[in-house]
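Okay, here's what each chain looks like letter by letter:
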2 protein chains.
Amino acid sequence: MKPVRVGICGLGTVGGGTFNVLTRNADEIARRAGRPIIIEQVALRSTNPECDLTGIKTTNDVFEVARNPDIDVLVEVLGGYDVPRELVLTAIANGKHVVTANKALIAVHGNEIFQAAHEQGVIVAFEAAVAGGIPVIKSLREGLGANRIEWVAGIINGTGNYILTHMRSEGRAFEDVLAEAQALGYAEADPTFDVEGIDAAHKLTILASIAYGVPLQFEKAYTEGISRVTAEDVEQADNLGYTIKHLGISKRTEAGLELRVHPTLIPKERLLANVHGVKNAIAIMGDAVGPTLYYGAGAGSEPTASAVVADLLDVARDIATDHHYRVPYLAFSGIGEDEGNLPILPMEDIVTAYYLRLLAVDRPGVLARVATILSEQGISIEALIQKEATEGELVPIILLTHSCREKHMNEAIRQIESMADIAGPVTRIRVESLDEQE
Amino acid sequence: MKPVRVGICGLGTVGGGTFNVLTRNADEIARRAGRPIIIEQVALRSTNPECDLTGIKTTNDVFEVARNPDIDVLVEVLGGYDVPRELVLTAIANGKHVVTANKALIAVHGNEIFQAAHEQGVIVAFEAAVAGGIPVIKSLREGLGANRIEWVAGIINGTGNYILTHMRSEGRAFEDVLAEAQALGYAEADPTFDVEGIDAAHKLTILASIAYGVPLQFEKAYTEGISRVTAEDVEQADNLGYTIKHLGISKRTEAGLELRVHPTLIPKERLLANVHGVKNAIAIMGDAVGPTLYYGAGAGSEPTASAVVADLLDVARDIATDHHYRVPYLAFSGIGEDEGNLPILPMEDIVTAYYLRLLAVDRPGVLARVATILSEQGISIEALIQKEATEGELVPIILLTHSCREKHMNEAIRQIESMADIAGPVTRIRVESLDEQE
């Protein structure tokens, strides 16, 4: 059968991996696709020592690929927003299918891109944009298609998980492990995207759209990083039976959808709590299937390439017919209409449990006052640890609460921080059960 | 768009769940499929109190569904071999697509069924046949399609995992927990299929075909159950840092494919070791993606229905075109030719590590003789525990070996069992690393 001709734009980590996987496993891939998938052209800024480009047409102009009439599918593995957006829209306008690994592009410009692709009747596939090599988009979009999805929660940033894993196993401070991760190449020189949760929020935005059939709304995601998680919080959480993970969480409630990325205490026996280092995992709860979980490499050259090539296989099978997109880009038709209109809730309306750490003057009545403030906001306490202190010193108080609305917790914290006997700000970390045994 | 009309054959646990999920989530499913999926007819022997059949056409003859011109897809959820085989072949001959949850049918009669379906140009889908609601067939067949699969290992029988979980957590005997599982409905009155590994071997056979592109060869799978695992083995494994799980394992080696179901010691920190109760999980190693894992409910009414309906969604999308099978039934074209010809290795040619438990007379020289026998077979010892014994009593010796070929272990065990100072048969349980952190 006629081969599928691919143009790869970018020959960095992911582009190089894609080139090598397509080359090395060409026979196996052809047996799966029912036709060969061949690399017609590669656009690159500089050579990649991992890749042998002998006999491959190259260019340093990515737009040449988007306009090349010999190319069926453009693979966008550049990263960033602006050039990729223009490149992908140009490829679509030229009738090319597109496979991208670019989570920022899809989360921020996806609605526009899918509209353009729909009008041109081309496929835009993006499995590699979320959790690298884990086929979670396919699982959520197709494998769990029978289900009303109740929640999605995942470790979807490997850098953050690497840092939290080592903070926990070695009792070290955030800055210390971050510096090590940077030295090892697991964290960027500017780690903001990863440790402040922006990267995870991009991925969560995409997962939520596919889970619930709503438009991409990255601007409404709540994003809180892990840079303020301390070694003491990690230790206290452990004492209480919890592990701190940086999770992207999206839940369906009657009022709307929660969409939030933040450090989270989860019971340490959860599979998610036992996902270590740079690995990723996503737990998904469906009304029929119950809890499921997907685990694997969330980044890296060939793991991400695995997802890019899986998308190429889907494209290869689909364009064997005149059927130009098999599954809606975001899993559902009618997004933004009727049932696709569930609003994203503001953060103050989410409901969750909390871990609180306060520093108090060790004086009678302080604890009673804290408990009263919480109680007045309708918040009940599940556990409390007060360390012994030397007379007159500040003593840490650790609290676990039952679930409450975030706005009530905000008010309680405001009042607690205004107490004369409380020093400094209250540390607040959200707590989730995410039971995968149900 | 024109609805897809489904006929459900069987209204037991899975059929009832399929009926209810299709009914309850009809709107969401239609938004995903791009068209409604409607239940046109149900064939049943007796009513299911969970299902409201008001307004549904029913019959007690499943073959009526297979010949009904108003039906596009037949859902086979009867179980067993003979009637389902005839039913599915009749449906195919009548141009119907088929969705089945029947692992025995696919593992034993799949090659014949796929050939008939290929000739008729119809789809046969069977996601529900392996690991219930976990979309592992789709993940392996499509999501990991870029990879050369190196191994697959899974907890793919919930009954067996329930029994081993409780043997471990409560130190109880196999028979005791089995009786409890039967009382709770987690095990059949005749538990042979589950506890002797036949059910797991059916599922493993299917996974291996999809992983490596070889024909279904259930008759070549090695099957060993968990009925001889003792509370003492569970405890000794735990002392050595291992958990015993009943795994289906298939590995690609240079000589061929391993295909085996047996109790297995795995390091207790593995995610697979932390899959409890009736849950299932499958770890899959690909050359590009590295290790991945898929977790969820492996059985039950609505979890299995989730997979049946996911297949119906695939069928609904595919038959919107004239493209009558999107992915080869077993993932690859050319099965049984060239690269699809990898042989299944006989058990004596597999390579693995071992846990051995012997009962020896506590006399000088016994251990030295055992070590010599192992050494003469090229087997090296990784760990050894010898319990203290009262003079003249039998003492248990626990050994962990490094990897060796099974035939060498068979010979070593034969020689050890023939020693005068060794009482009774040697207990042998295979040990696998299955590292998901690689």
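This one's a predicted model, so the numbers in the text were calculated from it and none came from an experiment. (Residues numbered from 1 in each chain as written. Chains lettered and ligands numbered in written order. Predicted model: local features only at pLDDT ≥ 70, side-chain atom pairs only at ≥ 80, totals over all residues. Heavy atoms only, no water.)

A.B. asks: Teacher, can you tell me more about the packing of helix H4 (residues 82–93) of chain A against helix H5 (residues 103–120) of chain A here?
C.D. replies: Angle between the axes and distance between the axes are the two parameters that describe a pair of packed helices. Residues and elements named next belong to chain A. Two elements in contact, H4 and H5, have axes separated by 10 Å at closest approach and are oriented at 10 degrees. By the criterion of interaxial angle, the relationship of H4 to H5 is roughly parallel. Residues Pro84, Arg85, Val88, Leu89, Ile92 and Ala93 of H4 lie in contact with H5, whose contacting residues are Leu105, His109, Glu112, Ile113, Ala116, Ala117 and Gln120. Here the contact of H4 with H5 is composed, by residue class, of nine nonpolar, two polar and two charged. (Axes fitted to C-alpha atoms, helices over the stretch in contact; angles between N-to-C directions. Helix = DSSP H or I, 4+ residues; strand = E, 2+ residues; numbered from the N terminus. Parallel < 35°, antiparallel > 145°, perpendicular 65-115°, else oblique. Contact = heavy atoms within 4.5 Å. Nonpolar A, V, L, I, M, F, W, Y, C, P; charged D, E, K, R; others polar.)

A.B. asks: So what exactly am I meant to see when it comes to a nonpolar patch on the surface here?
C.D. replies: Residues and elements named next belong to chain A. The grouping of Leu184, Tyr186 and Val278 at the surface amounts to a nonpolar patch, some 260 Å² of accessible area in total. Its place among the elements puts Val278 in the loop between strand S10 (257–267) and strand S11 (279–286). Classification of Val278 as partly exposed rests on a relative accessible area of 33%. (Patch = residues over 30% accessible without salt bridge, like charges linked within 9 Å, V, L, I, M, F, W, Y side chains within 5 Å. Areas by Shrake-Rupley, 256 points an atom, 1.4 Å probe, with all protein chains shown as cover. Salt bridge = Lys/Arg side-chain N within 4 Å of Asp/Glu carboxyl O. Buried < 20%, exposed > 50% of the residue type's maximum accessible area, 1.4 Å probe, protein only.)

A.B. asks: Teacher, can you tell me more about the relation of the copies chain A and chain B here?
C.D. replies: Both copies of the chain are related by one operation, a rotation about an axis with a shift along it. Rotating chain A by 180 degrees and translating it 0.0 Å along the rotation axis places it on chain B, where the RMSD comes to 0.0 Å. As the rotation angle and translation indicate, the two copies are arranged about a two-fold axis. Relative to the rotation axis, the closest C-alpha in chain A is found at Tyr294 of chain A, a distance of 2.4 Å. A share of 100% of interface residues in chain A that are also interface residues in chain B marks the association as one of identical surfaces. (Least-squares fit on C-alpha atoms with pLDDT ≥ 70 in both.)

A.B. asks: Quick question: what am I supposed to make of the interface of chain A and chain B here?
C.D. replies: By a widely used convention, the size of an interface equals the accessible area lost when the partners come together. The interface is formed by 66 residues belonging to chain A together with 66 residues belonging to chain B. Taking both sides of the interface into account, the surface hidden between chain A and chain B amounts to around 5400 Å²; carbon and sulfur atoms contribute 49%. A per-residue breakdown of the area chain A buries against chain B is headed by Arg31, Arg32 and Tyr295 of chain A, which together make up 17% of the total. Viewed at the interface, chain B and chain A are joined by eight salt bridges. Across the salt bridge formed by Glu28 of chain A and Arg148 of chain B, the nearest N and O atoms sit 3.6 Å from each other. Along the contact surface separating chain A from chain B lie 27 residue pairs in polar contact (both at pLDDT 80 or more). Counting residues per element, the ones that place at least two in the side of chain A that touches chain B are helix H1 (13–24), helix H2 (26–33), helix H6 (136–143), helix H10 (198–212), strand S12 (290–297) and helix H12 (301–318) of chain A. (Buried area = accessible area lost by both parts, 1.4 Å probe. Polar contact = N/O pair within 3.5 Å; in protein donor to acceptor, adjacent residues only side chain to side chain.)

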